[in-house]
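So you can see what is in the structure, the chains are spelled out below.
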Number of protein chains: 2
Amino acid sequence: MRPNLTIDPQRLWDTLMDTARIGGTSKGGIRRLTLSEEDRQVRDWFRTQCEALGCTVATDEVGTMFARREGRDPQALPIAMGSHLDTQPTGGKFDGVLGVLAGLEVLRTLHDMDYRTQAPIELINWTNEEGSRFSPAMLASGVFAGAFTREEAYAIRDRDGISFAEALEASGCRGTEPVGERRFAGFFELHIEQGPILEKEGVTIGAVTGVQGMRWYDVTVIGQDAHTGATPMYLRKNALLGAARIIDAVDAIAHAHAPDAVGTVGYLENRPNSRNVIPGEVFFGVDLRHRDEAVLDVMQAALEAELARILPPLGLEWRCSTLWSSPAVAFDPRLIDCVREGAAAAGYATRDMVSGAGHDAAYIARVAPTTMIFVPCAGGISHNEAESASFDDCAAGAQVLLEAVLAYDRKLAG
Amino acid sequence: MRPNLTIDPQRLWDTLMDTARIGGTSKGGIRRLTLSEEDRQVRDWFRTQCEALGCTVATDEVGTMFARREGRDPQALPIAMGSHLDTQPTGGKFDGVLGVLAGLEVLRTLHDMDYRTQAPIELINWTNEEGSRFSPAMLASGVFAGAFTREEAYAIRDRDGISFAEALEASGCRGTEPVGERRFAGFFELHIEQGPILEKEGVTIGAVTGVQGMRWYDVTVIGQDAHTGATPMYLRKNALLGAARIIDAVDAIAHAHAPDAVGTVGYLENRPNSRNVIPGEVFFGVDLRHRDEAVLDVMQAALEAELARILPPLGLEWRCSTLWSSPAVAFDPRLIDCVREGAAAAGYATRDMVSGAGHDAAYIARVAPTTMIFVPCAGGISHNEAESASFDDCAAGAQVLLEAVLAYDRKLAG
């Protein structure tokens, strides 16, 4: 029997807009760097709101907050929801925040209706998802899932030389619960898509089946600086010309593995970068992603082959190394089904999709059944003060989150 | 009758090395910015050396120095030699400096042998050729030739906000002679090639027949920032991909007008330049050069056609404007002949060539018969502390300068 519970769209929206003032920017975004004064403020607010609903709030040793609403079965593993309240330096109002505040709206709805789930429900605010202050991103969920040790995380320093451990201490955000001991029956993360597909296709809910595998490469193309006027074409070693052809090749490699592959050069340094000097060295980053690691292997081999094909005829040398990689993640089919069922119950169309970006859920999938719910964001824009999601889509996401949690609770209760 | 005059190679080399200490850098180059304390020091030294040879030294209102050695005919227009003693911020020991100090070696040789030319001989140190402190380059010769007014030059400010007029005053380098009133029978500028051709071909002397026409364009390619992971290939507007194809097209346009055309993208700004953001805007500078303005017109039309062909299918917009252009310059055939004859007399092979870089001579050609003499520089490298020219090539350049001046003096004398 499905309970007839409905979230309050206006309350959700007001909560999004009200809390957006904590670190709010003049351009309508949020600057709420991890463990900053603004982050501390929103954490205090979050704790107060959850406690007002009768939840207990625990904090682990890397600052992650867990608000727990008891269920009927005190022995059952909790069903978890959540995301993150930290933002990029010029971030938007929805990235991460929607997942936490929609979770709060779910708790409020359960509380208002005095509805008691079988399993406990937990709402999580993961520390330092963005990685803007302490790199890498998804730091606390990474420690939780065993991707990094607590000590590795503690030692990371921001640009001012302050370590993560020092910032946790100074902000009063360090808790006492050992990281990663908590267990979940499942974890649902609602998030804006950060891409244009749902908006383009007019679909409200993305049922996220996994996270793409991602590989980042550092490439340096080495030629010879020379005067643009005095060096004839046949005597040139133009590193930017070589880089340009590799940029084109990266695009072609992704197209060759359509529709799921993506490949991009986003970062490039041209040296010496002077109008009348033929570039002698170009450094750039290649980003290749696909849901299937075997396809990524093929794409990587193609990149290496293109470097060896394109650069020697131009008199250029190169170095190519893997900077970072993140394996493809497959989410839990039972939880994905709960999202599909929840969306159907709430009357929304869904589209299966693979997350192109990393999320806390990608790490948590290593230690608990996990999935994500995507809602559209305007123009696919995120990590930007112009980031925008509509009133209706935020409400839809929160309702589907509620429905999915309840569906899973019913299945667990068997 | 050709007088048997020979410059002193060791004295020339010692003078090059000794004066290189004025602003000398730890890496063997020179940092002697226009009207800096180092520039003032080398100017004082230059004046002393010229006066010791019986020359009179006049300075014009933009600081250009004219050392004059009288000839037998006080009514004859002088034959001028020279270049510049200012350098790039991390410049080499030869760019500009060789042309002035080889001219000094010519004066010293005439003085030692008590040889009196028919025409007066003048040795010139042009102010602010490099343009590193006060942009644009070739400022004083430009005012001399009427390309800029004196007032325009005076108003130019360095990065510290100091105007050219103020710097002339503060350094004590402003003279009283009105700019551009002086007339020459001809002007010879010896310079390192700043390109690799002479070294590559094993030729010692370049007989420079002119200066390439140069056109600089500003191009902005406009797409849409988006997440590299979450944006499928078919929904992208990747400005760096468009820029890459234009960089390749610029190279192809130059090759299509081989062997004289050159085309380069040397400067590029990628925005926002983040590893996981598809570039939304790329700004770059295109540098096209050819000795023939008509060919440059064709190359420019090809650039515009390639922008219109390549960018729309990628969903990209663009702006393209001409930032700066310098028309092709043809040097004076009589003076070029004197260089060829002088080189033959001194026993050196020559190669006709067109200067790919701008020089004071390019402006002076507007107001006086002018040519240049090139000598090889190692690897074609200049504007760099590693810039290098050999003892023998410096000596050859100075001897050919002497021979060319004497040949022209004989022709003028009829």
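Here the structure is a predicted model, which means the values were calculated and not measured.

Calculation criteria
Residues numbered from 1 in each chain as written. Chains lettered and ligands numbered in written order. Predicted model: local features only at pLDDT ≥ 70, side-chain atom pairs only at ≥ 80, totals over all residues. Heavy atoms only, no water. Salt bridge = Lys/Arg side-chain N within 4 Å of Asp/Glu carboxyl O. Buried < 20%, exposed > 50% of the residue type's maximum accessible area, 1.4 Å probe, protein only. Helix = DSSP H or I, 4+ residues; strand = E, 2+ residues; numbered from the N terminus. Pairing = 2+ DSSP bridges. Axes fitted to C-alpha atoms, helices over the stretch in contact; angles between N-to-C directions. Contact = heavy atoms within 4.5 Å. Least-squares fit on C-alpha atoms with pLDDT ≥ 70 in both. Parallel < 35°, antiparallel > 145°, perpendicular 65-115°, else oblique. Left-handed = near helix turned anticlockwise from the far one by under 90°. Domains from an automatic or database assignment. Buried area = accessible area lost by both parts, 1.4 Å probe. Right-handed = clockwise from strand over helix to strand, strands pointing away.

A look at the pattern of salt bridges
Applying the stated criterion to the full structure yields 60 salt bridges over all chains. Of the charged contacts in the structure, one is a salt bridge between B:R271 and B:E269, with a shortest N-O distance of 2.5 Å. Given the relative accessible area of 26%, B:E269 is considered partly exposed. Across the pair B:R340 and B:D352 runs a salt bridge, and its minimum N-O distance is 2.9 Å. Of this pair, B:R340 sits in helix α10 (residues 333–346) while B:D352 sits in strand β14 (residues 350–355), and the two are 12 residues apart along the sequence. Residue B:R340 is classed as partly exposed on the basis of its relative accessible area of 31%. B:D352 sits in the partly exposed class, given a relative accessible area of 38%. Among the ionic contacts, a cluster of salt bridges with common partners joins A:R68, A:E70, A:E122, A:E177 and A:R182.

Side note on the sheet that holds strand β7 (residues 213–222) of chain B
All names here are of chain B. Strands sit in the order β9-β11-β7-β12 across an open sheet of 4 strands; the sheet is antiparallel. Two strands bound the open sheet, and with one partner strand each, they are β9 (262–271) and β12 (317–326). Here the strands of the sheet are splayed against their neighbours by 15° on average, with no regard to which way each runs. Sheet strands in contact with helix α9 (residues 293–310) are β7, β9, β11 (281–290) and β12, and its direction is about 5° off that of β7.

Some points on the relation of the copies chain B and chain A
Mapping chain B onto chain A calls for a rotation angle of 180° and an axial translation of 0.0 Å; the resulting RMSD is 0.0 Å. In symmetry terms, the pair is related by a two-fold rotation axis. Within chain B, B:A244 has its C-alpha nearest the rotation axis, a separation of 2.2 Å. When the interface residues of chain B are mapped onto chain A, 100% of them again lie at the interface, so the same face is used by both copies.

Examining the packing of helix α2 (residues 37–52) of chain A against helix α3 (residues 97–112) of chain A
All names here are of chain A. Look at α2 against α3: their axes get within 10 Å of each other, and the N-to-C directions meet at 20°. One element, α2, and the other, α3, form an angle in the roughly parallel class. α3 is crossed by α2, and the crossing has left-handed handedness. For the pair formed by α2 and α3, the contact residues are W45, F46, Q49, C50 and A52 on the first element and V100, L101, L104, R108 and H111 on the second.

What to know about the sheet that holds strand β12 (residues 317–326) of chain A
All names here are of chain A. Sheet architecture is open: 4 strands sit in the order β9-β11-β7-β12, paired in antiparallel fashion. The open sheet is flanked by β9 (262–271) and β12, the only strands paired with a single partner. Across the sheet, the mean angle separating the axes of adjacent strands is 15° when strand polarity is ignored. Pairing geometry for strand β7 (residues 213–222) and β12, over 9 bridges, is antiparallel. Bridge assignment links R215 to a residue of β12, and that residue is S325.

Some words on the domain arrangement of chain A
Residue and element names in this part refer to chain A. Split by domain assignment, chain A resolves into domain 1 (9–211 + 328–413) and domain 2 (213–326). Relative to domain 2, the C-alpha centre of domain 1 lies at a distance of 36 Å. Every contact between the two is made by 6 residues of domain 1 and, on the other side, 7 residues of domain 2. In terms of surface lost to domain 2, no three residues of domain 1 exceed A328, V354 and G356, which account for 71% of the buried area on that side.

Describing the pairing of strand β4 (residues 121–125) of chain B
Within a regular beta strand, the side chains point alternately toward one face of the sheet and then the other, so they alternate between its two faces. Residues and elements named next belong to chain B. Of all 5 residues in β4, 5 are buried, a share of seventy percent or more. Of the two faces of β4, both are covered, the one formed by I121, L123 and N125 as well as the one formed by E122 and I124. Strand direction decides the pairing type here: strand β2 (residues 65–69) and β4, joined by 5 bridges, are antiparallel. Along β4, the bridge assignment pairs R68 with E122. Pairing of strand β3 (residues 79–83) with β4, which is carried by 5 bridges, proceeds in the parallel orientation. The residue of β4 that forms the bridge with G82 is I124. Once you follow β3 into helix α3 (residues 97–112) and on to β4, the crossover reads as right-handed.

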